[in-house]
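Take a look at the letters that make up each chain.
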Amino acid sequence: MSFDVGGFLLQTVPFARTLGITFDFAGDGRAICRLPDRPDLHNHVGGPHAGALFTLAESASGAAMLSALADQLSRAVPLATTAVIHYRKLAMGEVVAEGRLLASREEVLADLDAGKRPEFDVAVDVRNADDVVVAALTVTWTLRPNRA
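Quick summary incoming for the structure in this document. Computed from a predicted structure; not experimentally measured.

**Overview of a nonpolar patch on the surface**
And step 1. A surface patch of nonpolar side chains, about 270 Å² in accessible area, is lined by Val45, Leu90 and Met92.
And step 2. With respect to the secondary-structure elements, valine 45 resides in the loop between β2 (30-35) and α3 (50-69).
And step 3. What makes valine 45 partly exposed here is its relative accessible area of 43%.

Below, the structure is given as structure tokens:
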């Protein structure tokens, strides 16, 4: 039985559900999700608000991370520690975010197995319907070992 990463995130992160984020794919350290074009999510220039774009990208980063490491949830809590976003172009319409884990699962688990708190990055590109990158985000994640 496979783990439904998108369903898990929408259940545990109600704000993503409120924005109407949907997940197209999550697997092998990658994830793709989308934000609908809704007037209540628009900013003063008619595109998705920067906060909505950030939430979409952060959701893609979490899904990419979980697609590789969800089996570790019984022993560690994933936490975003930092995020840097670059808004590159005005986004209009529906946007799609693709996240990709930049570390290997083996690297992350080696640190966790050694009793360390691994830190690793997930990069995300947010694209418009013309496949133009409108925002880019890098999130640094850690796995905090559960306390005994």
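There is more to say, and it comes next.
**Points about the sheet that holds strand β4 (residues 95-101)**
And step 1. As summarised here, the arrangement of the six strands in space is β1-β2-β4-β5-β6-β3, forming an open sheet in which the pairing is antiparallel. Each edge of the open sheet is held by one strand with a lone partner, namely β1 (22-27) and β3 (76-87). Ignoring strand direction, the axes of neighbouring strands in this sheet form an average angle of 20°.
And step 2. Summarising the sheet, strand β5 (residues 119-127) and strand β6 (residues 133-145) pair through nine bridges and their orientation is antiparallel. Counterpart to phenylalanine 120 in the pairing with β6 is tryptophan 141.

**Digging into helix α4 (residues 105-113)**
And step 1. Residues Val108, Leu109 and Leu112 constitute the buried set of α4. Buried residues of α4, viewed axially, fall in a sector of 95°; they line one side.
And step 2. For α4, the secondary structure elements touched by its buried residues are α3, β3, β5 and β6.
And step 3. Downstream of α4 by a residue or two, glycine 115 has a phi angle that is positive, lying close to 85°.

**A word on the nonpolar core**
And step 1. Counting residues in hydrophobic clusters, the biggest one holds 41 residues, and the most contacted among them are Phe120 and Val126.
And step 2. The set of elements that each furnish at least two residues to this core consists of α1 (5-12), α2 (14-19), β2, α3, β4, α4, β5 and β6.
And step 3. Residue contacts for valine 126: discarding those within four places in its chain leaves Leu53, Leu56, Ala57, Val95, Val96, Ala97, Val132, Val133, Val134 and Ala135.

Here is what the cut-offs are and how they apply
Residues numbered from 1 in each chain as written. Predicted model: local features only at pLDDT ≥ 70, side-chain atom pairs only at ≥ 80, totals over all residues. Heavy atoms only, no water. Patch = residues over 30% accessible without salt bridge, like charges linked within 9 Å, V, L, I, M, F, W, Y side chains within 5 Å. Areas by Shrake-Rupley, 256 points an atom, 1.4 Å probe, with all protein chains shown as cover. Salt bridge = Lys/Arg side-chain N within 4 Å of Asp/Glu carboxyl O. Helix = DSSP H or I, 4+ residues; strand = E, 2+ residues; numbered from the N terminus. Buried < 20%, exposed > 50% of the residue type's maximum accessible area, 1.4 Å probe, protein only. Pairing = 2+ DSSP bridges. Axes fitted to C-alpha atoms, helices over the stretch in contact; angles between N-to-C directions. Arc of directions from axis to C-beta. Contact = heavy atoms within 4.5 Å. Core = buried A, V, L, I, M, F, W, Y, C linked by side-chain atoms within 4.5 Å.

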